[in-house]
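Here is how the chains run, residue by residue.
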Amino acid sequence: MKGFFRYLLFVVALLSWQTGIVRAQTLEGRVTLGDDMPAPFATVYVPSTGQGAVTDQDGRYTLDVPRGKTEVEFSYLGYCTMKRQLTFDEARTYVHDESL
C-alpha cells in the first residue's frame, strides 16, 4: 500500500510540473559592455542561494532565482561589479539586461 501512495504522489507532482502549477522563477537576459557590445563569459550571481551563471559569447544568461526581493550581481573581469535588487513575485520568466 505504501508503494501505491508513493506512486500516486509522484504522478501528482509530475502532472503539476507539466501543467505549470509548480514552476520556479527564471531570470534571463544579456550583459553588455558599453556601446551594446556583448560581455562573453561574464558572471551573474545570486549570493543568497550561492547559484550563478556564466554568459555565452553573445552575453546571454539564464538562471533560476528565488521568489521575493533578491540581490543579483553582474561582474566581468576588469569592470566594476554591478549589484541590483530585483523582485520576483510570480512563477515566470523575468528578463533583465545589464550594461557594465
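So, how was this worked out
Residues numbered from 1 in each chain as written. Predicted model: local features only at pLDDT ≥ 70, side-chain atom pairs only at ≥ 80, totals over all residues. Heavy atoms only, no water. Phe/Tyr/Trp six-rings, centres within 6.5 Å; stacked < 30°, edge-to-face > 60°. Buried < 20%, exposed > 50% of the residue type's maximum accessible area, 1.4 Å probe, protein only. Lys NZ or Arg CZ within 6 Å of the ring centre and 35° of its normal. Pairing = 2+ DSSP bridges. Helix = DSSP H or I, 4+ residues; strand = E, 2+ residues; numbered from the N terminus. Axes fitted to C-alpha atoms, helices over the stretch in contact; angles between N-to-C directions. Contact = heavy atoms within 4.5 Å.

### A few points about the packing of aromatic side chains
Going through the model one piece at a time under the given rule, you end up with three aromatic pairs. Pairing phenylalanine 88 with tyrosine 94 gives two aromatic rings, centres 5.0 Å apart and planes at 80°, and the pair type is edge-to-face. Both residues of the pair, phenylalanine 88 and tyrosine 94, count as buried. The cationic tip of arginine 92 hangs over the ring face of tyrosine 94; the distance from NZ or CZ to the ring centre is 4.0 Å.

### With respect to the sheet that holds strand β6 (residues 68-75)
Reading across from one edge, β4-β3-β6-β7 is the order of the four strands in this open sheet, with antiparallel pairing throughout. Single-partner strands in this sheet number two, and they are β4 (51-54) and β7 (82-88). Looking at each pair of strands side by side, their axes are set apart by 25° on average, direction ignored. Inspection of the sheet shows strand β3 (residues 43-46) paired to β6 by three bridges, in the antiparallel sense. Bridge pairing in β6 places threonine 43 opposite serine 75.

### Section: the pairing of β3
Burial along β3 is one-sided: the face carrying Val44 and Val46 is buried and the face carrying Thr43 and Tyr45 is not. Here four bridges tie β3 to β4, and the two strands are oriented antiparallel to one another. Counterpart to valine 44 in the pairing with β4 is alanine 53. Taking the residues between adjacent antiparallel strands as the criterion, β3 and β4 are bridged by four residues, where glycine 50 takes a positive phi near 75°.

### Section: unusual backbone geometry
One can expect most non-glycine residues to show negative phi and most peptide bonds to be in trans. Located in the positive-phi region is aspartate 36, a residue other than glycine, with phi close to 60°. Here aspartate 36 shows up in the loop between β1 (25-33) and β2 (37-38).

### Topic: the environment of glycine 59
With respect to the helices, strands and loops of the structure, glycine 59 is situated in the loop between β4 and β5 (60-65). Classification of glycine 59 by relative accessible area gives buried; the value is 0%. If near-sequence neighbours (up to four positions away) are discounted, glycine 59 is found in contact with Gly29, Arg30, Val31, Pro38 and Ala39.

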